[in-house]
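Geometric and topological summary
The chain contents come next:
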Amino acid sequence: YQRRVRGTDRGNMFLLRLTVYLALLLAAAGMDTHIRLNNGVLMPRLAFGANFWNASTCRDATAAALSSGFRFVWSSMLVGDECQAAQHKAITASGHPRSELFIAGTANTQNCTDQPSCFSQTVAATVHQIEILGELDMVMLDYPSSVTGCQGVIGQWRALQLWARHAHPFNISRTSSPKLPRTIAVSNFVEAQLECLNSTESIQPAVNQMRLSVGSGTAGVVVADAQLGIVVQAYSPLGSGTILEKPEVLAIAKAHNVSSAQVALRWILQKNATINTQSTNPAHLAQDVNIFDFELTVEEMHTLDSI
């Protein structure tokens, strides 16, 4: 994010960004598998998310992810009820205690037309997510409202705040669990849209899911969101996949005896962002979770930054 500042403001902004950047580096140096969000909740840094697959693939891939060591299942409304229901079945059948898992659902209400409709549609969407997925730890907006200005996103966010404030006056009688989302989040929100939420003195999003990968040119969003206390979750963390064949990435992978995909994911972690990845290949999923036992050097991070 870029702000137009002058004189002393420019110097203050530089110092603020430098302070945040150094804090992120220190946090990454002592990294564990979870990160503490601005509401105090511990969230796994690594999430598995389904894609536009059929129900059996959604079930099998989710089961494989849980068997590989994933403990965060992110399930988007965009993949459809059948896939989400299949993911829920895989979670239930996994045998893992619910207390060890972190489950997220989403609300896709970007086509709402004004603040009231954005509010009501987001309420309905989140209730539907709980009906399909059961107990949720986090609910996220898939996209900001397409309404120009602040009114659309404010309507969406007012609906999510009901969960965070436990002020939900709507019917959830068909849900299988009385426990409601602890964490509310957004996706694809740019600076102006986050400022809309700040203007209402609302609860701050805990997470902003954004496109982020080696070579994406979007790493600055991590620092910008951190200034607001928001953790970035990277989607498309391997980009289009072409970065995995870059000579620089392959050389770093060889030096650490890991795959190029593991290097690309580790780069995101050391930016102090979190990751949402997906695969139907159990071998790839097993590699994805094994990114906490090696560390990229400063020089290697700079090399990847320059791609």
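This is a predicted model, so every value here is computed, not measured.

Brief notes about the sheet that holds strand 7 (residues 183-187)
Here we have 8 strands rolled up into a closed barrel, ordered 3-4-5-6-7-8-9-10, and parallel in their pairing. Here the average twist between neighbouring strands, direction ignored, is 25°. Across 5 bridges, the pairing between strand 8 (residues 207-211) and strand 9 (residues 231-235) is parallel. The residue of strand 9 that forms the bridge with N208 is V232.

A short note on the confidence of the model for the chain
Where the model shows low pLDDT, its predicted coordinates should not be examined in detail. For the chain, mean pLDDT is 89; residues scoring 70 or higher make up 86% of the total. For the stretch residues 1-10, pLDDT sits under 50, and the model shows 15 contacts to residues farther than four places along the chain or on other chains.

A few points about the environment of S75
Assignment of secondary structure puts S75 in strand 4 (residues 72-75). Sequence separation of S75 and T106 is 31 residues, and the distance between their C-alpha atoms is 6.9 Å. Non-local contacts of S75, meaning those with residues more than four positions away in its chain, are made with Q84, Q87, A104, G105, T106, Q129 and L133. Polar side-chain contacts of S75 include one of 3.0 Å to the side chain of Q84. A polar contact is formed between the side chain of S75 and the side chain of Q87, at a distance of 2.7 Å.

Concerning the state of the cysteines
Taken as a whole and assessed by the stated rule, the structure comprises 3 disulfides. Between the sulfur atoms of C112 and its disulfide mate C118 the distance is 2.0 Å. Between C112 and C118 the disulfide shows an S-S torsion of about 85°. By sign, it is right-handed. Take C112 and C118: they sit in the same class, and that class is buried. Looking at the chain, its bonded cysteines, counted consecutively from the start of the sequence, adopt the pairing 1-2, 3-4, 5-6.

Here's the deal with the pairing of strand 8
Of all 5 residues in strand 8, 4 are buried; the element is thus mostly enclosed. Examined bridge by bridge, strand 7 and strand 8 share 2 bridges and lie parallel to one another. Bridge pairing in strand 8 places V186 opposite N208. In this fold, the crossover linking strand 8 to strand 9 by way of helix 7 (residues 220-226) has right-handed handedness.

With respect to a nonpolar patch on the surface
A surface patch of nonpolar side chains, about 290 Å² in accessible area, is lined by F52, L78 and Y143. Within the fold, L78 resides in the loop between strand 4 and helix 3 (81-93).

Here we look at helix 6 (residues 191-198)
Considered for burial, the residues of helix 6 that qualify are E191, Q193, L194, C196 and L197. Elements that come into contact with the buried residues of helix 6 comprise helix 5 (151-164), strand 7, strand 8 and helix 7.

What counts, and at which threshold
- Residues numbered from 1 in each chain as written.
- Predicted model: local features only at pLDDT ≥ 70, side-chain atom pairs only at ≥ 80, totals over all residues.
- Heavy atoms only, no water.
- Pairing = 2+ DSSP bridges.
- Helix = DSSP H or I, 4+ residues; strand = E, 2+ residues; numbered from the N terminus.
- Axes fitted to C-alpha atoms, helices over the stretch in contact; angles between N-to-C directions.
- pLDDT = per-residue confidence, 0-100.
- Contact = heavy atoms within 4.5 Å.
- Polar contact = N/O pair within 3.5 Å; in protein donor to acceptor, adjacent residues only side chain to side chain.
- Disulfide = S-S within 2.5 Å.
- Buried < 20%, exposed > 50% of the residue type's maximum accessible area, 1.4 Å probe, protein only.
- Right-handed = clockwise from strand over helix to strand, strands pointing away.
- Patch = residues over 30% accessible without salt bridge, like charges linked within 9 Å, V, L, I, M, F, W, Y side chains within 5 Å.
- Areas by Shrake-Rupley, 256 points an atom, 1.4 Å probe, with all protein chains shown as cover.
- Salt bridge = Lys/Arg side-chain N within 4 Å of Asp/Glu carboxyl O.

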